[in-house]
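# Coordinate analysis (summary)
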Number of protein chains: 2
Amino acid sequence: MTEFKIDITLTENPKQKPDFAHLDFGKNFTDHMFIVDYTKGKGWHDARIVPYQPITLDPAAMVFHYGQTVFEGLKAYHTSEEEVLLFRPDMNMKRLNRSNDRLCIPHIDEELALNGIKKLIDLEREWVPTAEGTSLYVRPFIIATEPYLGVAPSKRYQFIVILSPVGAYYKEGINPVKIAVERQFVRATIGGTGNAKTAGNYAGSLKAQEVAEADGYSQVLWLDGRENKYIEEVGSMNIFFKINGEVVTPMLNGSILEGVTRDSILKLLAHWNIPVSERKLSMEELYEAYQQGLVEEAFGTGTAAVISPVGELFWENEKLVINGGKTGELSKKLYDTLTGIQLGTESDPFGWTVKVEKQEPATLSQTN
Amino acid sequence: MTEFKIDITLTENPKQKPDFAHLDFGKNFTDHMFIVDYTKGKGWHDARIVPYQPITLDPAAMVFHYGQTVFEGLKAYHTSEEEVLLFRPDMNMKRLNRSNDRLCIPHIDEELALNGIKKLIDLEREWVPTAEGTSLYVRPFIIATEPYLGVAPSKRYQFIVILSPVGAYYKEGINPVKIAVERQFVRATIGGTGNAKTAGNYAGSLKAQEVAEADGYSQVLWLDGRENKYIEEVGSMNIFFKINGEVVTPMLNGSILEGVTRDSILKLLAHWNIPVSERKLSMEELYEAYQQGLVEEAFGTGTAAVISPVGELFWENEKLVINGGKTGELSKKLYDTLTGIQLGTESDPFGWTVKVEKQEPATLSQTN
Ligand SMILES: Cc1ncc(COP(=O)(O)O)c(C=O)c1O
Ligand SMILES: Cc1ncc(COP(=O)(O)O)c(C=O)c1O
């Protein structure tokens, strides 16, 4: 039994908190961060909470050159009972290790990682905003730090967690977004890194996003990399369609990110006995259904936006307007239910929320 | 006319130079580095040479999360006339900007970048190793430095150049390598980032490389991401085959990196009137030609290894042994000619080498 001790060094200069009523996404960071080092032969070591501070790396550190890095994104919510809840954080820790597998980064103990996150949030309790739609965004990430210009897995890494109080991801709130189906660029392909949460996927997506925005669309809908035919996902969300009473979402095929929100929605829909299928869905099929008036709703799902209704889809010079460009009934119900569970105002039949306990012990132990 | 001034701060603690007779690739770095900052609205500014030192970045710096980064790789050679030569550095600067386009990074003035590189090398002249097969590896790279967790192009960047005296890339030297044709993983696909020199492509390649190495192969041969059928490139090299007297290399299709060595070889072969074609080449076609005894040579090409003969190709449980596992005549001739041009011992009919002048002026000017 290894003992994980988390050393804590408190800041001597607490920051002025931002205006919680007007929070931009991902621009403000709290007073502390959680760090664990990895050294080949030694494993993960020196778990510590330190004042939020710059990372200092050799210019040859491998993350700068070969992008060996993974990340996660989850949120902590402030409840009306003055509690702080995390939403399915175990899912993020599992996905982190799946991403690690793909990127040849050593597994991190999920309990250590989660305990560090909880302890950090506990310390930053005052940074969890309370207004509707706000939350504390949690960003765990791992970077390869060995200074070496050969293309090979690094021998050294850092696992780091930073926290950012955030408002709504989309300024539009739960209002529908317009998205453009991407024809030229590809996000991911089978055999690539699409189902890992790794930096390169996002770097590669910027260009299409830039073009779409210039055309007045807020995101792109990615098609598969092999045939440019099947719907995959949207920007940083998974995608769902309600077609003729049935909810359809692209099946996990190795190039789509396995969203925690996606999984939660599938479970909620099944719980409500709403017909749902995970399968291949081509743009052609969707277009035909649209022409027959069968596409009832469309929505993206992700931690940042929770549910983001899609009001318009641009495809081959045509604007497909969905549900009159308005938020659909099911989209709204899913949004209300999910955010209700996250905030502790709705019952939590699946036991998805995890309370951040006050004053956790400084020493955590685990079994391997 | 903007004036680019390069400020120079010399180190007060010159490093002990490594043993130039036993240089590992990419592990030793010189005393100084070249840096230029970019700020949106201001452009590239503050070009400077400073002592080699750690990079200090906010933990939210976008390069860590979304991998917005590009790099280059070229070499400086020490000639018997005590000169230092660069090989086609203009090609690297052009490719850097093509990579920038794909990654939504602002163009950098190619003359500024190259002048910075030359000035830095001039300063580090004593670090250019002289023994056969050695050189000074030059690594320019750009990283997104804005601290922001939204997926969007960064508003701040740093262009950095570091230098590393290197020995041969492959311990085997010009001896043939064994490579395995990759069936499960994909490096790049059309519409993706394959033809940009960006970190994510390399991160995604580690897993296949790890598997191949465990099986005793030094590199993988990548097939295309759409059909897993057509030959693309090898590890960090382009690939050539001599089939029945004709030299064949995969055509540039958007997912293959446009190697400077590849281009140089195409020009040399044309110059020598050796039949050469850039076209689609499937593994099936290569296999059939192999069975008919028509595959005469195979070699990878890249800055690091220059020419790397392929002695064995593993494909569907079969070992294709090429030229008896030995270095082919053409491979050898290309290696000798290219390294001869690079070292200034062979004539340079294309004007490929660029001399690093001594004591360039500290102030460089250019016209836009
Ligand atoms: C590419 C991509 N797809 C989908 C999602 C949705 O995943 P989750 O619901 O776990 O946030 C994300 C992450 O936020 C993402 O980056
Ligand atoms: C993926 C890849 N292909 C090919 C090459 C060869 O390019 P060059 O000849 O410019 O070094 C490289 C770079 O070194 C590379 O990284």
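Residues numbered from 1 in each chain as written. Chains lettered and ligands numbered in written order. Predicted model: local features only at pLDDT ≥ 70, side-chain atom pairs only at ≥ 80, totals over all residues. Heavy atoms only, no water.

A few words on the relation of the copies chain A and chain B. When chain A is brought onto chain B, the operation consists of a screw motion whose angular component is 180 degrees and whose axial shift is 0.0 Å, with 0.0 Å RMSD remaining. These values place the two chain copies in the arrangement generated by a two-fold rotation axis. (Least-squares fit on C-alpha atoms with pLDDT ≥ 70 in both.)

All names here are of chain A. Of all five residues in strand β7 (residues 74-78), five are buried, a share of seventy percent or more. In β7, alternate side chains face the same way, and those of L74, A76 and H78 on one face and K75 and Y77 on the other are all buried. Pairing of β7 with strand β9 (residues 135-144), which is carried by three bridges, proceeds in the antiparallel orientation. Residue pairing in the sheet places A76 in a bridge with L136 of β9. (Buried < 20%, exposed > 50% of the residue type's maximum accessible area, 1.4 Å probe, protein only. Helix = DSSP H or I, 4+ residues; strand = E, 2+ residues; numbered from the N terminus. Pairing = 2+ DSSP bridges.)

Let us look at the site of ligand 1. Residues and elements named next belong to chain A. Within the structure, ligand 1 sits among 16 residues, and Y202, E233, V260, T261 and T303 are positioned closest to it. Between ligand 1 and E233, the relevant distance is 2.4 Å, taken from a nitrogen atom to a side-chain nitrogen or oxygen of the residue. A distance of 2.6 Å separates an oxygen atom of ligand 1 from a polar side-chain atom of T303. Within the complex, the protein chains bury 96% of what would otherwise be the 380 Å² of accessible surface of ligand 1. (Near = heavy atom within 4 Å. Polar contact = N/O pair within 3.5 Å; in protein donor to acceptor, adjacent residues only side chain to side chain. Areas by Shrake-Rupley, 256 points an atom, 1.4 Å probe, with all protein chains shown as cover.)

This part takes up the confidence of the model for chain A. Residues and elements named next belong to chain A. Across chain A, pLDDT averages 94, with 95% of residues at or above 70. Segment residues 362-368: pLDDT under 50, and 24 contacts once partners within four positions in sequence are set aside and those in other chains are kept. Both scores are available for the predicted complex, with the pTM at 0.96 and the ipTM at 0.95. (pLDDT = per-residue confidence, 0-100. Contact = heavy atoms within 4.5 Å.)

Moving on: unusual backbone geometry. Phi is positive for N317(B), which is not a glycine, with a value near 65 degrees. With respect to the helices, strands and loops of the structure, N317(B) is situated in the loop between β18 (306-315) and β19 (318-321).

Residues and elements named next belong to chain A. As for its position among the elements, Y230 is in the loop between β12 (219-223) and β13 (231-234). Placed 54 residues apart in sequence, Y230 and E284 show a C-alpha to C-alpha distance of 8.5 Å. Not counting chain neighbours up to four residues away, the residues in contact with Y230 comprise W222, L223, D224, K280, L281 and S282.

Moving on, we come to the packing of aromatic side chains. Each aromatic ring pair is characterised by the separation of its centres together with the angle its planes make. One pass over the structure, following the stated rule, counts 27 aromatic pairs over all chains. The structure contains a cluster of three or more aromatic residues connected by ring pairs, namely F64(A), F141(A), F64(B) and F141(B). Over the ring of Y52(B) we find K15(B), and its NZ or CZ is 4.1 Å from the ring centre. The residue whose ring lies beneath K333(B) is W272(B), and the NZ or CZ to ring-centre distance is 4.1 Å. (Phe/Tyr/Trp six-rings, centres within 6.5 Å; stacked < 30°, edge-to-face > 60°. Lys NZ or Arg CZ within 6 Å of the ring centre and 35° of its normal.)

Next up on the list: the packing of helix α2 (residues 89-103) of chain B against helix α3 (residues 110-123) of chain B. Pairs of packed helices are described in terms of their axes, by the angle between the two and the distance that separates them. Residue and element names in this part refer to chain B. Viewed as axis vectors pointing N to C, α2 and α3 meet at an angle of 130 degrees, and their least axial separation amounts to 10 Å. It follows that α2 is oblique to α3 by the angle criterion. Helix-helix and strand crossings are classified by hand; for α2 and α3 the assignment is right-handed. Seen from α2, the contacting residues are P89, D90, M93, K94 and N97; seen from α3, they are E110, A113, L114 and I117. Looking at the contact of α2 with α3 residue by residue, the class counts come to five nonpolar, one polar and three charged. (Axes fitted to C-alpha atoms, helices over the stretch in contact; angles between N-to-C directions. Parallel < 35°, antiparallel > 145°, perpendicular 65-115°, else oblique. Left-handed = near helix turned anticlockwise from the far one by under 90°. Nonpolar A, V, L, I, M, F, W, Y, C, P; charged D, E, K, R; others polar.)

This part is about the domain arrangement of chain A. Residue and element names in this part refer to chain A. The domains assigned to chain A are domain 1 (7-171 + 350-363) and domain 2 (177-326). In this structure, domain 1 and domain 2 have C-alpha centres spaced 28 Å apart. Taken together, the contact pairs 23 residues of domain 1 with 24 residues of domain 2. D263 serves as the salt-bridge partner of R88, at 2.8 Å between the closest nitrogen and oxygen. In this structure, the connection of domain 1 to domain 2 is made through eleven residue pairs in polar contact (both at pLDDT 80 or more). For the side of domain 1 that touches domain 2, the elements supplying multiple residues, two or more each, are β6 (69-71), β7 and α2 (89-102). Of all the elements, α2 adds the most residues to the side of domain 1 that touches domain 2, at six residues. Of the residues belonging to the side of domain 1 that touches domain 2, the class tally is twelve nonpolar, five polar and six charged. (Domains from an automatic or database assignment. Salt bridge = Lys/Arg side-chain N within 4 Å of Asp/Glu carboxyl O.)

A word on the packing of helix α5 (residues 260-271) of chain A against helix α7 (residues 329-343) of chain A. Residue and element names in this part refer to chain A. Direction vectors running N to C along α5 and α7 enclose 105 degrees, while the axes themselves pass 11 Å from each other. Put simply, α5 runs roughly perpendicular to α7. Packed against α5, whose contacting residues are T261, S264, I265, L268 and L269, the element α7 presents L330, L334, T337 and L338 at the interface. Looking at side-chain class alone, the contact of α5 with α7 contains six nonpolar, three polar and no charged residues.

Across all of its chains, the model carries 35 salt bridges over all chains by this definition. A salt bridge links R95(A) to E72(A); its shortest N-O distance comes to 2.8 Å. With a gap of 23 residues between them, R95(A) in helix α2 and E72(A) in the loop between β6 and β7 connect regions that are remote in the sequence. In this structure, R125(B) and D122(B) form a salt bridge, with 2.9 Å as the shortest nitrogen-oxygen distance. The two residues R125(B) and D122(B) agree in class, both being buried. In the salt-bridge network here, residues are joined through shared partners; they are R88(A), D263(A) and K267(A).

At the junction of the two partners, chain A supplies 58 residues and chain B supplies 58 residues. Overall, the association of chain A and chain B removes approximately 4900 Å² of surface from exposure, summing both partners, and the carbon and sulfur fraction of that is 64%. At the boundary of chain A and chain B, one finds zero salt bridges. At the junction of chain A with chain B, the criterion picks out 22 residue pairs in polar contact (both at pLDDT 80 or more). Where the side of chain A that touches chain B is concerned, the elements lending two or more residues are β5 (55-57), α1 (62-66), β6, α2, β9 and α4 (199-214) of chain A. Considering every element that reaches the side of chain A that touches chain B, the biggest residue donor is α4(A), with nine residues. In the side of chain A that touches chain B, the residues fall into 33 nonpolar, 17 polar and eight charged. Note that β5(A) and strand β5 (residues 55-57) of chain B share three bridges and pair antiparallel. Looking across to β5(B), one finds that T56(A) is bridged to T56(B). (Buried area = accessible area lost by both parts, 1.4 Å probe.)

With that settled, the discussion passes to the nonpolar core. Formed by 126 residues in total, the largest nonpolar core has its most connected members in F34(A), F64(A), I121(A), F159(A), F64(B), I121(B) and F159(B). What F159(A) contacts, discounting residues up to four positions off in sequence, is F34(A), I35(A), V36(A), W44(A), L96(A), I108(A), A113(A), P140(A), F141(A) and I142(A). (Core = buried A, V, L, I, M, F, W, Y, C linked by side-chain atoms within 4.5 Å.)

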